[in-house]
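Descriptive analysis of the structure
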Amino acid sequence: MEEILQDLNNKQREAVEYLDGPLLVLAGAGSGKTRVLTYKIAYLLNKEVVKPWEVLAITFTNKAAKEMKERAINLIGEKANEVWLGTFHSVCVRILRREIEPLGYGKDFNIFDELDKDKVIKEVVKKLNFDEKQYSPSYVKYEISKAKNEMKDSKKYRESVIGDYRREKIADIYELYQMTLKQNNALDFDDLLMLTVELFVKFPDILIRYQSKFKYILVDEYQDTNKIQFLLISMLSSVHGNICVVGDESQSIYGFRGADISNILNFENEFPNAKVVKLEENYRSTQNILNAANHVIKNNKSKIDKKLWTQNDEGKKIEYKTLNNEYEEVEYIVDKIDEICKDEKMTYSDFAVLFRTNAQARVLEEVFMRSGTPYKLIGGLKFYSRKEIKDLTSYLKLIQNTNDNIALKRIINEPKRGIGDTAIDRLDRLAEQKGVSIFELIQDSSNLEGIRSAGNIIMFRDMINNFKKAKDELLVSDLMKLILKESGYEDMLNAEPSKESEMRFENLMEFIGVAMEFEKESADNSLQDFLESIALVSDVDKLDESAEAVTLMTMHSAKGLEFNVVFLVGMEEGLFPSKKSIEEDEKCEEERRLCYVGITRAKKKLCITNVSKRTLFGSTTYAIPSRFISEIPEELFDEASKDNISLKKRKQEKFLDNEYSQVEKMINNFDRYIEVKPKSNNSFGINVNSFLSSIKTNSTKAPTNNNTNKYVVGMYVKHKKFGKGVIQKIEPEDDDLKLDIMFEQSGFKRLMANYTPLEIVK
DNA sequence: AAAACGCCGGTTTTT
DNA sequence: CCGGCGTTTT
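Position numbers for residues start from 1 in each chain and track the written sequence from start to end. Whichever chain is written first is A, and whichever ligand is written first is 1; the rest continue in order. Reporting in this predicted model follows two pLDDT cut-offs: at least 70 for local features of residues, and 80 or more for side-chain atom pairs to be given and counted; totals over whole chains, interfaces and linings ignore these cut-offs and use all residues. Values shown for side chains rest on all heavy atoms present in the structure; no hydrogens or waters enter the calculation.

**Topic: the side chain of Asn 149**
By the criteria applied, helices consist of DSSP H or I runs no shorter than four residues and strands consist of E runs no shorter than two, each listed in order from the N terminus. Checked against the element boundaries, Asn 149 lands in helix 7 (residues 137-149). Under the scheme applied here, a residue whose accessible area is under 20% of the maximum for its type counts as buried, over 50% as exposed, and between as partly exposed, the area being computed with a 1.4 Å probe on protein chains only. Among the residues examined, Asn 149 registers a relative accessible area of 10% and is labelled buried. Beyond its immediate chain neighbours, meaning those up to four positions away, Asn 149 contacts Asp 190, Asn 226, Lys 227, Ile 228 and Arg 257. The contact criterion used throughout is that any non-hydrogen atoms of two residues lie within 4.5 Å.

Here is the structure:
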């Protein structure tokens, strides 16, 4: 053990060896906090202070848990396998699978994702006859989630909102929502935590069991824990007080989902006699990068006094470049990556491109693909929310837990079996009347009297019953194949030979691949475990570090990771910091912490980009450089970037003074106009002068009629969507022409000349 | 019952 | 600009 501890610096070692009660490790970015946790686990087990299964270690992602376990095994061998290591959510599931029954749920509960929740809320709002606009799933979900994170059930929530009409209605929705979940034997994400706490409160004997089981508790990323998570660990550790939390308040970036920075700021009050160890030496980044990060975070008022320093070299200067639009921004990055690869002998996996919003991923993906640069996109398009994946998952969920009406309703007529909405509604209501699940209801054929599709429903029911029988005999991946075959899903896709169904089939194959992967690594590979694994994995969990490709992800997802070269893109006011955060100081400080996280991901080189014009929601607006750029001292940038900074400062002032001229406005509009059209296409015959004069009166609308003499009957034209066609008839209408066109593939269409992008074919 | 059309709202960030 | 959803059309 001694020689293992040699790997640590004095502070790290102090944190590892301290075992007498609560310990708060304030660990700056790159100061080796994961290392401390891993070594501490090893130390605890090696010294035989506690048994492996008496250690509870909580990480932020499953991936972090897995890595920590691997490293601990490397240090002290296989016994580290027995440690309870996971995220708050996965640990709670593990507890609830054993203990949930006293709360009135079955052990085989399903976990509802966001889409399932939306469905339930919509159903409930409809049932209560509330206005579906006013009580949208997004708003209702937010309120319910907030309530659950404050440990309020619907009753407590109702008490807390007396007098607030709208929220009183939410209380009604919450109540029925929760009842529905229970009927479905389903838990949402917040329930996993809330019900665990509820269980401990209602059944103290269960709490006592876990209190005496977990003799040492460790929590990583403590700055991002919320009230209920705090409650959990304080309950579990209240007897022995052996709790070690590690965090960095400068990296607290999950306030929007209830993370409470006061957990870390008040740790010493909540856990009296707590020892505090600060880790301030950074091993990750160059001095320039660390300097930049320190200067940015300095602008936040609320923070614990802590100074990060490094013995590393000064390193490369920071680069900053402004491009015309988001496409050029990514094209620049792609070129830059190739350049750095060549000059610095790096490979694609050394790079990460970090952005603020998922919407930015689209352009990134497009340009990376086009340029042939290998990339791995984290998050982005949601694999598990694709229709075909949701469908197959619903089959599995129903087989696992037949109370899941949401899953049943999704697939009872998918593929089409002639079971219509009226029939499903009737079943739904009848089941509710009888207080049973739909699946239970249809077990008894006499319940189907008077329903036209009764025969089809019986066939469906028998099929699911057969799957249930097969469930325990088959590997999950084989069960999936069986479902696709027997349900007719595969036939349905094959029947329609389109690119779309081909894609769907490929996605399903990929999904089966995920299951096979899962079977490989888990000894206990039940259907339930598989469903759990797909419900609880985060996007980063799927990150394959060995793949030789550039990583593209949000700054949030990048937490805890590091890369040799980091690009921070879209550094513009309104995007980063986000529009919504700008008004509130507190929220803007969270954005600044996020920026700090982004910068400190970089080991050797940092590149910052933004654009002067950004298209969002289909319309283009001028962008102003992010305030965070000006918070980085100019001398940390390279020469070329400095020019950019001073230029941008001038431009920013101009905008703030609202002084840009009419001429500039016109140019702005003109730019936008020509951007919309295909670059090489000049067939519109735009008269620049008349166009410019038209925007004075009519700033952004389509041009006035200039098509009068352009088209004649019999002329061949090409439309972007409809393809090639011939003009059959031309009729003037107001300022425009009405064209009747027969398209070769798409058939007859009537189009207005001024609004249709038509190309004349000779 | 299924395709086609048209309107609306959404972009912060996620276990 | 996109996807989801309700309405209309075949």
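**Thoughts on the protein's contact with DNA strand B**
Around DNA strand B, a shell composed of 24 residues is seen, among which His 89, Arg 356, Asn 358, Lys 416 and Lys 580 lie nearest. In the interface set of DNA strand B, defined as its atoms within 4 Å of the protein, sugar plus phosphate atoms amount to 52%. We call two N or O atoms a polar contact when they sit within 3.5 Å, provided that within protein one can donate a hydrogen and the other can accept it, with sequence-adjacent residues counted only if both atoms are side-chain atoms. The side chain of Ser 557 places a nitrogen or oxygen atom 3.4 Å from a phosphate oxygen of DNA strand B. Side-chain classes are defined by residue name, with Ala, Val, Leu, Ile, Met, Phe, Trp, Tyr, Cys and Pro counting as nonpolar, Asp, Glu, Lys and Arg as charged, and the others, Gly among them, as polar. Of the residues contributing to the surface near DNA strand B, the split by class is seven nonpolar, 10 polar and seven charged. We call a residue near a molecule or strand as soon as one heavy atom of that residue lies within 4 Å of the molecule or strand.

**Topic: the confidence of the model for chain A**
Known as pLDDT, the predictor's confidence for each residue is given on a scale from 0 to 100. Model confidence for chain A is summarised by a mean pLDDT of 85, while 88% of its residues fall at 70 or above. Scored below 50 in pLDDT, residues 654-706 shows 41 contacts in the model against residues more than four places distant or in partner chains.

**A few points about the sheet that holds strand 8 (residues 275-279)**
The pairing criterion is simple: DSSP has to find at least two bridges between the two strands. Across the sheet, six strands lie side by side as 3-2-6-7-1-8; this open sheet has parallel pairing. Both outer strands of the open sheet, strand 3 (84-86) and strand 8, are each paired with one neighbouring strand and no more. Here the strands of the sheet are splayed against their neighbours by 10° on average, with no regard to which way each runs. Two elements, strand 6 (residues 216-219) and strand 7 (residues 243-247), share three bridges in a ladder whose sense is parallel. Paired with Ile 217 across the two strands is Ile 243, which belongs to strand 7. Here an axis means a line fitted to C-alpha atoms, over the contact stretch when the element is a helix, while the angle between two N-to-C directions is reported on a 0 to 180 degree scale.

**Let's talk about helix 2 (residues 10-17)**
Where helix 2 is concerned, the buried positions are Gln 12, Ala 15 and Val 16. Angular distribution of buried residues about the axis of helix 2 spans 100°; they occupy a single face of the element. If you follow the buried residues of helix 2, they end up packed against helix 1 (2-5), strand 1 (23-27), helix 3 (33-46) and strand 8. To obtain the arc, one takes the directions from the helix axis to the C-beta atoms.

**Some remarks on the sheet that holds strand 11 (residues 319-323)**
In sheet architecture, strand pairing relies on hydrogen bonds along the backbone and comes in two forms, parallel and antiparallel. Strand order in the open sheet made by the six strands is 11-16-15-12-14-13, with parallel pairing throughout. Whereas interior strands pair on both sides, the edge strands pair on one side only; in this sheet they are strand 11 and strand 13 (375-377). Looking at each pair of strands side by side, their axes are set apart by 20° on average, direction ignored. Strands in contact with helix 16 (residues 326-344) are strand 11, strand 12 (351-355), strand 14 (550-554), strand 15 (563-568) and strand 16 (602-611); relative to strand 16, the strand with the most contacts, it is inclined by about 155°.

**Remarks on the pattern of salt bridges**
Salt bridges are defined by distance alone: a side-chain nitrogen of Lys or Arg within 4 Å of a carboxyl oxygen of Asp or Glu. Tallying each qualifying case throughout the model produces 52 salt bridges. With a closest N to O distance of 3.4 Å, Glu 17 and Arg 13 form a salt bridge. Here the residue Glu 17 and the residue Arg 13 both occupy positions in helix 2, the gap between them amounting to four residues, near one helical turn. Note that Asp 462 and Arg 461 form a salt bridge whose closest N and O atoms lie 3.1 Å from each other. Taking relative accessible area as the criterion, Asp 462 reaches 34% and is therefore assigned partly exposed. Looking at Arg 461, the relative accessible area reads 9%, which means it is buried. When salt bridges that share partners are traced, they join Lys 33, Asp 220, Glu 221, Asp 224 and Lys 559 into one network.

**Examining the nonpolar core**
Nonpolar side chains tend to gather and get buried jointly when the protein is soluble and globular. The biggest cluster of nonpolar side chains holds 67 residues, and the ones touching the most others in it are Leu 192 and Phe 200. Apart from the residues lying within four places of it in its own chain, the contact partners of Phe 200 are Ile 95, Ile 206, Leu 207, Tyr 210, Leu 232, Met 235 and Leu 236. In this text, buried Ala, Val, Leu, Ile, Met, Phe, Trp, Tyr and Cys residues form a nonpolar core when linked through side-chain atoms within 4.5 Å.

**Some thoughts on the protein's contact with DNA strand C**
Around DNA strand C, a shell composed of Lys 122, Arg 362, Phe 617 and Gly 618 is seen. In the model, a phosphate oxygen of DNA strand C is placed 2.6 Å from a nitrogen or oxygen of the Lys 122 side chain. Split by residue class, the surface near DNA strand C holds one nonpolar, one polar and two charged.

**Observations concerning the environment of Asn 465**
If you trace the backbone, Asn 465 turns up in helix 22 (residues 454-471). The spatial distance from the C-alpha of Asn 465 to the C-alpha of Val 713 is 64 Å, given a sequence separation of 248 residues. The residues touching Asn 465, leaving out its near neighbours within four places in the chain, are Phe 439 and Gln 443.

**Regarding the packing of helix 6 (residues 114-127) against helix 9 (residues 165-183)**
Where helix 6 meets helix 9, the closest approach of the two axes is 9 Å, and the angle between their N-to-C directions is 125°. Classified by the angle between their axes, helix 6 and helix 9 sit oblique to one another. Handedness of the crossing formed by helix 6 with helix 9: right-handed. In contact with Lys 117, Val 120, Ile 121, Val 124, Val 125 and Lys 127 of helix 6, helix 9 contributes Ile 173, Leu 176, Tyr 177, Thr 180 and Leu 181. Of the residues in the contact of helix 6 with helix 9, the class split is eight nonpolar, one polar and two charged. When describing relative orientation, an angle under 35 degrees is termed roughly parallel and one over 145 degrees roughly antiparallel, while 65 to 115 degrees is termed roughly perpendicular and anything else oblique. In a left-handed crossing the near helix is turned counterclockwise from the far helix by less than a right angle, and in a right-handed crossing that turn is clockwise.

**Notes on the pairing of strand 12**
Counting buried positions along strand 12 yields five of five residues, so the element is predominantly enclosed. Neither face of strand 12 is open: one carries Phe 351, Val 353 and Phe 355, the other Ala 352 and Leu 354, and all of them are buried. The pairing of strand 12 with strand 14 spans four bridges and is classified as parallel. Residue pairing across strands places Val 353 opposite Leu 552, the latter belonging to strand 14.

**Quick word on the environment of Glu 631**
Inspection of the secondary structure puts Glu 631 in the loop between helix 29 (627-630) and helix 30 (639-656). In the structure, Glu 631 is positioned 332 residues away from Asn 299 in sequence and 7.9 Å away in space, judged by C-alpha atoms. Those residues within four positions of Glu 631 in sequence are excluded, and the remaining contacts are His 295, Val 296, Asn 299 and Arg 592.

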